[in-house]
Amino acid sequence: LRSSEEISQHGGEWDNDEERSISLGSNPVVVCIDRSITAMMEMNDACRHKCQVSKSQSIPFVSVKTAGVYSQIFCDFGPCFVVVDENGENPRSTLINKIEGHDDDKELLTVHCLDGERHDVSQGDVIEFQGDHNADVASRSATFPQCEVVAVKSPTCFTVKEREEHVSKQKSLLNVLLEGKARSFSRVKIPRRISFSSLRDILHPSLSAAEDGPADMKAECWDDDALFAPSDLDKSFDPVRRKAIMVSMEALDKFVTKYGRLPYRSSTSHGSNSLHDSAKQKRTDLERFLTLIQKISKPESTKTWEKVITQFSNTCRAKFTPVQAFAGALGAQEVLKAATGLYNPVRQFLLYDCDEVLEPSRSLAKGSDRNEDDDVNDQNRVANGQSYILGHHLSQKLASSRLFLVGAGAIGCELLKNLSAMGAGTFDGGCLIVTDMDTIEKSNLSRQLLFRDHDVGEFKSAAARTAVLRFLPTCRIEAHTSRVGEEEEGPFDDDFWSSGCDVVLNALDNVEARLFVDGQCVSNGRGLIDAGTLGPKGNVQVVVPYQSESYGSSADPPEPDIPVCTLKNFPYDISHTIQWARDLFDGYFHRRPRQANDHVEEIAKMEDLTVFAQMLIRKFGEDAALDMAEELGEDIGVFPFTVGLDSNDPEHFLAVKRASLNWAIEQADRLFRVAIEELLRKHPVDSVDEDGSPFWTGSRRIPTPLRFKTLDSGEDEVSATQVIINERIAQFVQSAARLRMETFLPKPNADELAPTHVSLEDALSSLEEYSSIIRNKKEGSVRNISESRGSNPISDVLEQLNGAKTGASFLPRLNLIDFEKDDETNGHVSFVTAASNLRALAYGIPPADAMETRRVAGSIVPAMITTTGLVSALSCLELMKILKGLPLTMHRNAFVNLALPFFAFTAPLPAQQCTGVNGREYTMWDRIVIKGSSKSPVDAMTMRKILDKIKKSAGLGDDIEVSNVSYGPYMIYANFLNAEDEELLDSPLMDAVRSAVISEEGSDENLFNESSEAHQPTGKVANLTREQKATLSRLARKRYIDFSVVVEHKETGEEFELPLIRLVREKKD
């Protein structure tokens, strides 16, 4: 799987002899896989033995066992394991409104959050206050004592007291808090010690042992909730079920010891399946299993006990891939916890099963006369264990199903690994269809194990297909690189969604694509399994056709956007400055080059730019037009200084470099000095709001203008802070000038490396050269945008465009730069980091390193292979339930957090019932279908005919009439407007749809003169935009079209919404 891993193999039996023991290195973890309880206890004892002998930390021990559809995880990390971080989440800084003291208790303080802020603290948490944001960052947190949260009064208010270990040293510091010098607070993560018990102490507290193995479990073991981490809210708190699984695990060990094999499934031909009835002539393995259980513990007289024991005995012989994947992912996560101290470990058992996937009866398919164990003995069949547990018929159904996997990233790789192990796409028309438009990046290799170093740069779907065929050469798998979406042309048309796939598995990373896929599945009656992760958190949602609600039926609230005023003038968190810098990148190196390319020919052709200036003002307004003209002047006007030189001439390179450095210096001065001084002139430090409150309070931080100063500037002595300012300005100029050059210079060929255009020394020398210019820009010379503009807006715009006119005739097309977060050599993250940290320095915000900047600017969702492995396992389990046709109550949506650990499994909600005409109910899955034919094609049906067909197909009486008909957001018929519109009623319905789409998509700008290639409304000629053409083209390709229809009672006026009306076009040859 990974060539970089060091693996050593030790043969032979487990040996406790210290002279022959295995060296486990400096930070060992012992993992025991599918071993007997006796072997587990011996290994666990050996891990504990180190602690007892050397008085050091014991070796963490993890055990993972699976049997059929049941699994057990056990952890013992020693008597004093330290968890350094319980959840791995960064504490959030929360702004303070005020801190008040208590008259009755001088040691207590009440903290009130700023309006709009909500804290994230709980009772017992430790918090740390931060002071003046413009103070030295390193000393800010040391000014105040750490406090403990005593009580939480509301989401915005809580009470604290000073921690006892800080009281004697910093007694007077509470007064500093009361003086209002603290501006914010955040939680402090305190390491926590956890004590574990050994497996022997839990299962075998006495030193004696029975003849046939370890002593019986003591009764309290499965009754002690503290020993079991809940994994299923419906199952984990049932003590009978817990006991049944625990004793079954031990009985399985005893069975193997006694009979030298695993139990076979018991059927009516070999004996009774009942726990109480026995065939006298021959004992079944189930009866043998029951006998061993009776020796371990007294049986329970409940249906749950009987069901679990029977199903465990009948399935424990085989392995089931989803259970293996679930237990493996969870076990791997516990190993990481043991090695790092990050996240809360399982304490100490975790039992998971999916016995709801089992059929009520294990009878063989009709016409089959083979034994149950034939599935395991047949070495030519894929997924023998799966066939043994669920039956050959269901495994064959999986192998012959067409499964559509959307996404081949972290989750997609795990899904493909599982599906190949389960035999998907290996029989009678079955196929795995995978699509992903992304290519493999080096950073993917750590968590997407289907890919190798040589795959970097290849499409994920193609590389994943190659990997699957390595695992399973008989698998039929198609790889596509098409995006799935409404606007996309490609293989995923209406015919594909209606008949080209059976079940869809989502492995996507954005909500928009998820909603589209969800809509297609609902529209075509396809099952959908959606999975997602965020670090240690994961979720799985199953959409069962015609039974459950869909993914789009409920949605999480959108992430709150950062207000524009916060980004522009009042940032108070590093995420604000990073987003500002990210927007700056797009503006400088993508929007502006595209803007120049769009207008350069137009400017070059015009004799007089007055018309162009008037158009800008009319379209964008005076201020925006002036800004745009200034940008065009900068971007196009630079070329008179570089024209006449061959682009391959070194002089051309140097000319572009000089111009780019000058531009970068001007931008640095404009952004970090001029703009801030202008803001402070508008809102002085001592200014107040309309209500008389100080303006610069709460989340508003007083910024400090930044400018470059040379060491020999002749001004005051250069401080350490100024040295930092100089360094960061130089970094900004370096990265900005480099990217500016790349927009002008020809792109290198694919096999050529782009030169490193600008060094830090280049930036520093240019800054020193221009420092006198910057130094002479005193406060009085700061350009005030509103005051510097004359009374004639057209003249102002023309003044800015003068340079652009000259350069336009020489300008080649500028290169557009798209932000790429994963290439460390392209300078993109460097620019955002430099710009963000300069702005943070101006506003007294702690800076962020390149890694954190990359995460925020690139919207990177942290992924852990353990979480992706676990949600993929659950997805494959739900896939089998869909193929099996289980009722909705047997399916499970899942939300997990492996850091806590927390598991929540719930049955999907049923689809909402809607009441229609005459009390008839329907759901989102229902459709009323109207089909076209060669004699009466859908596109030729008139509105009048469609309205008649709707009434007939819906079974409406004469007292009901159609009120309105809509296509998506477009209303195309309303009886109060169109009931007597003979022209509309006698026109084809599709003409009305096209007209509505065109009028909605229409624009007064950039109309094309060529005629539309798409079908036009009858009798109409239109000049269409690209968007209009694309919309009509998509409409023409659709196999069917759904309409929303509302009807009303003629007498009462009561309205009812019908199920969606589907017009099915006739198939074309």
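Residues numbered from 1 in each chain as written. Predicted model: local features only at pLDDT ≥ 70, side-chain atom pairs only at ≥ 80, totals over all residues. Heavy atoms only, no water.

A.B. asks: For this particular structure, what's the right way to read a negative patch on the surface?
C.D. replies: The grouping of Asp103, Asp104, Asp105 and Glu107 at the surface amounts to a negative patch. For Glu107, the location among the structural elements is in the loop between β5 (94-101) and β6 (108-113). (Patch = residues over 30% accessible without salt bridge, like charges linked within 9 Å, V, L, I, M, F, W, Y side chains within 5 Å. Areas by Shrake-Rupley, 256 points an atom, 1.4 Å probe, with all protein chains shown as cover. Salt bridge = Lys/Arg side-chain N within 4 Å of Asp/Glu carboxyl O. Lys, Arg positive; Asp, Glu negative; His and termini not counted. Charge placed at Lys NZ, Arg CZ, Asp CG, Glu CD. Helix = DSSP H or I, 4+ residues; strand = E, 2+ residues; numbered from the N terminus.)

A.B. asks: Whenever I open this one, the sheet that holds strand β7 (residues 126-130) confuses me. Can you help?
C.D. replies: Across a sheet, paired strands are connected by hydrogen bonds in the backbone, their directions being either parallel or antiparallel. As summarised here, the arrangement of the six strands in space is β5-β6-β9-β8-β7-β10, forming a closed barrel in which the pairing is antiparallel. This sheet shows a mean twist of 50° between the axes of neighbouring strands, independent of strand direction. Here β6 runs beside strand β9 (residues 157-162); their pairing, made up of five bridges, is antiparallel. The partner of Leu108 across the bridge, within β9, is Lys161. (Pairing = 2+ DSSP bridges. Axes fitted to C-alpha atoms, helices over the stretch in contact; angles between N-to-C directions.)

A.B. asks: I'm lost on the packing of aromatic side chains in this one. Help?
C.D. replies: Within a pair of aromatic rings, the relevant descriptors are the distance that separates the centres and the angle that separates the planes. By the definition in use, this model includes 38 aromatic pairs. Residues Tyr967 and Phe1043 carry aromatic rings whose centres are separated by 5.9 Å and whose planes lie at 50° to one another, so their mutual orientation is tilted. Note that Tyr967 is positioned in strand β24 (residues 960-967) and Phe1043 in strand β26 (residues 1040-1049), a separation of 76 residues in sequence. According to the relative accessible area criterion, Phe1043 is buried, its value standing at 3%. The lysine or arginine in question, Arg700, covers the ring of Phe695, its NZ or CZ lying 4.1 Å from the ring centre. (Phe/Tyr/Trp six-rings, centres within 6.5 Å; stacked < 30°, edge-to-face > 60°. Buried < 20%, exposed > 50% of the residue type's maximum accessible area, 1.4 Å probe, protein only. Lys NZ or Arg CZ within 6 Å of the ring centre and 35° of its normal.)

A.B. asks: Looking at this structure, how should I read the environment of Arg927?
C.D. replies: Position of Arg927 among the secondary structure elements: in strand β23 (residues 927-931). When the C-alpha atoms of Arg927 and Leu1060 are compared, they prove to be 5.0 Å apart, with 133 residues separating the residues in sequence. Each residue touching Arg927, except ones within four places of it in the same chain, is listed here: Val522, Ser523, Asp1042, Leu1060 and Arg1062. For Arg927, the side chain forms a polar contact with the main-chain oxygen of Met924, separated by 2.7 Å. (Contact = heavy atoms within 4.5 Å. Polar contact = N/O pair within 3.5 Å; in protein donor to acceptor, adjacent residues only side chain to side chain.)

A.B. asks: It is not clear to me how the nonpolar core should be interpreted in this structure. Could you clarify?
C.D. replies: As a rule of thumb, soluble globular proteins bury nonpolar side chains together. Ranked by internal contacts, the top residues of the largest apolar core, which has 117 residues, are Phe320, Phe326, Val357, Leu403, Leu416, Leu870 and Phe903. Of the residues forming this core, the biggest block, 10 residues, is contributed by helix α29 (residues 865-884). Apart from residues lying up to four places away in sequence, Leu403 is in contact with Leu398, Leu419, Ala424, Cys431, Leu432, Ile433, Val503, Leu505 and Leu879. One finds Met615, Met628, Ala808 and Val829 within the second-largest nonpolar core, a separate group that totals 74 residues. (Core = buried A, V, L, I, M, F, W, Y, C linked by side-chain atoms within 4.5 Å.)

A.B. asks: Explain the environment of Gly932 here, please?
C.D. replies: With respect to the secondary-structure elements, Gly932 resides in the loop between β23 and α30 (943-953). On the accessibility criterion, Gly932 (19% relative accessible area) is buried. Along the backbone, Gly932 and Tyr1040 are 108 residues apart, and their C-alpha atoms lie at a distance of 9.9 Å. Dropping the residues within four chain positions of it, Gly932 is found in contact with Val938, Met941, Val1064 and Glu1066.

A.B. asks: Is there a simple way to explain the pairing of β5 in this structure?
C.D. replies: Along any regular strand, the residues point their side chains to alternate faces of the sheet. Across two bridges, the pairing between β5 and strand β10 (residues 184-188) is antiparallel. Pairing of Leu95 across the sheet is with Ser184, part of β10. Note that β5 and β6 share five bridges and pair antiparallel. What sits directly across from Lys98, in β6, is His112. The hairpin formed by β5 and β6 contains six residues between the paired strands.

A.B. asks: Hey, could you run me through a nonpolar patch on the surface in this one?
C.D. replies: Together, Phe895, Leu900 and Phe902 make up an exposed nonpolar region whose accessible area comes to about 250 Å². Mapped onto the elements of the fold, Phe895 is located in strand β19 (residues 893-897).

A.B. asks: Looking at this model, I keep getting lost on the packing of helix α7 (residues 239-259) against helix α8 (residues 285-296). Mind explaining?
C.D. replies: Each pair of packed helices can be described by the angle between their axes along with the distance between the axes. Direction vectors running N to C along α7 and α8 enclose 115°, while the axes themselves pass 9 Å from each other. Once α7 is placed against α8, the crossing between them reads as right-handed. Of the residues in α8, those in contact with Val247, Ser248, Glu250, Ala251, Leu252, Lys254, Phe255, Lys258 and Tyr259 of α7 are Asp285, Arg288, Phe289, Leu292, Ile293, Lys295 and Ile296. Here the contact of α7 with α8 is composed, by residue class, of nine nonpolar, one polar and six charged. (Left-handed = near helix turned anticlockwise from the far one by under 90°. Nonpolar A, V, L, I, M, F, W, Y, C, P; charged D, E, K, R; others polar.)

A.B. asks: Is there a simple way to explain the pairing of strand β3 (residues 70-76) in this structure?
C.D. replies: Of all seven residues in β3, seven are buried; the element is thus mostly enclosed. Burial along β3 is two-sided: the face carrying Tyr70, Gln72, Phe74 and Asp76 and the face carrying Ser71, Ile73 and Cys75 are both buried. Note that strand β2 (residues 61-67) and β3 share seven bridges and pair antiparallel. Pairing of Thr66 across the sheet is with Ser71, part of β3. Connecting β2 to the antiparallel partner β3 that follows it, the hairpin turn spans two residues, and Gly68 within it adopts a positive phi of roughly 65°.

A.B. asks: I'm lost on the confidence of the model for the protein in this one. Help?
C.D. replies: Where the model shows low pLDDT, its predicted coordinates should not be examined in detail. Summary statistics for the protein give a mean pLDDT of 84 and a share of 83% for residues scoring 70 or more. Considering each helix and strand of the protein separately, the mean pLDDT is smallest for helix α2 (residues 137-140), with a value of 40, and largest for strand β16 (residues 503-506), with 98. Per-residue pLDDT stays below 50 along residues 276-281; that stretch engages in six contacts with residues further than four places along the chain or on separate chains. Here residues 1001-1022 is modelled with pLDDT under 50, and outside its nearest four sequence neighbours on either side it reaches 36 contacts, counting other chains as well. (pLDDT = per-residue confidence, 0-100.)

A.B. asks: Is there a simple way to explain the sheet that holds β3 in this structure?
C.D. replies: Here we have four strands laid out as an open sheet, ordered β1-β2-β3-β12, and mixed in their pairing. One side of each edge strand has no neighbouring strand; the edge strands of this open sheet are β1 (30-33) and β12 (349-353). Taken pair by pair, the neighbouring strands of this sheet meet at an average axis angle of 10°, ignoring direction. Direction of pairing for β1 relative to β2: parallel, over a ladder of four bridges. Bridged to Val31 within β2 is Val62.

A.B. asks: So what exactly am I meant to see when it comes to α30 here?
C.D. replies: The α-helix winds at 3.6 residues per turn, so residues separated by three or four positions along the chain end up facing the same way. Listing the buried residues of α30 in full gives Met943, Ile946, Leu947 and Ile950. Summarising the axial view, the buried residues of α30 lie within an arc of 100°, below the 170-degree limit, and thus occupy one face. Exposed residues lying more than 90 degrees from the buried face of α30 are Asp948 and Lys952. Just downstream of α30 lies Gly955, where phi reads positive at about 70°. (Arc of directions from axis to C-beta.)

A.B. asks: Can you walk me through the packing of helix α10 (residues 321-340) against α29 in this structure?
C.D. replies: Packing of α10 against α29 leaves a shortest axis separation of 8 Å and a crossing angle of 160°. In terms of orientation, α10 lies roughly antiparallel with respect to α29. In the crossing of α10 with α29, the sense of the turn from one axis to the other is left-handed. Here Pro322, Ala325, Phe326, Ala329, Leu330, Ala332, Gln333 and Leu336 of α10 come into contact with α29, specifically with Thr866, Gly869, Leu870, Ala873, Leu874, Cys876 and Leu877. Residue classes in the contact of α10 with α29 are distributed as 12 nonpolar, three polar and no charged. (Parallel < 35°, antiparallel > 145°, perpendicular 65-115°, else oblique.)

A.B. asks: What's the story with the side chain of His683 in this structure? I'm lost.
C.D. replies: Structurally, the position occupied by His683 is in the loop between α22 (650-682) and α23 (720-744). With residues near it in sequence (within four places) discarded, His683 still touches Phe695 and Trp696.

A.B. asks: I'm lost on the pattern of salt bridges in this one. Help?
C.D. replies: Here the idea is simple: oppositely charged side chains can pair when their charged atoms come close. The final tally for this structure, using the stated rule, is 45 salt bridges. A salt bridge links Asp34 to Lys319; its shortest N-O distance comes to 3.0 Å. Placement of the pair is Asp34 in the loop between β1 and α1 (37-54) and Lys319 in the loop between α9 (303-315) and α10, with a sequence separation of 285 residues. The partly exposed category is assigned to Asp34, whose relative accessible area is 34%. For Lys319, a relative accessible area of 33% corresponds to the partly exposed category. Note that Arg1039 is salt-bridged to Asp495, the shortest N-O span being 3.4 Å. Residue Arg1039 is found in the loop between α34 (1026-1037) and β26, and its partner Asp495 is found in helix α16 (residues 494-500); the two are separated by 544 residues along the sequence. Given the relative accessible area of 35%, Asp495 is considered partly exposed. Through salt bridges with shared partners, a single network forms among Lys235, Arg241, Asp353, Asp355, Glu356, Glu878 and Lys881.

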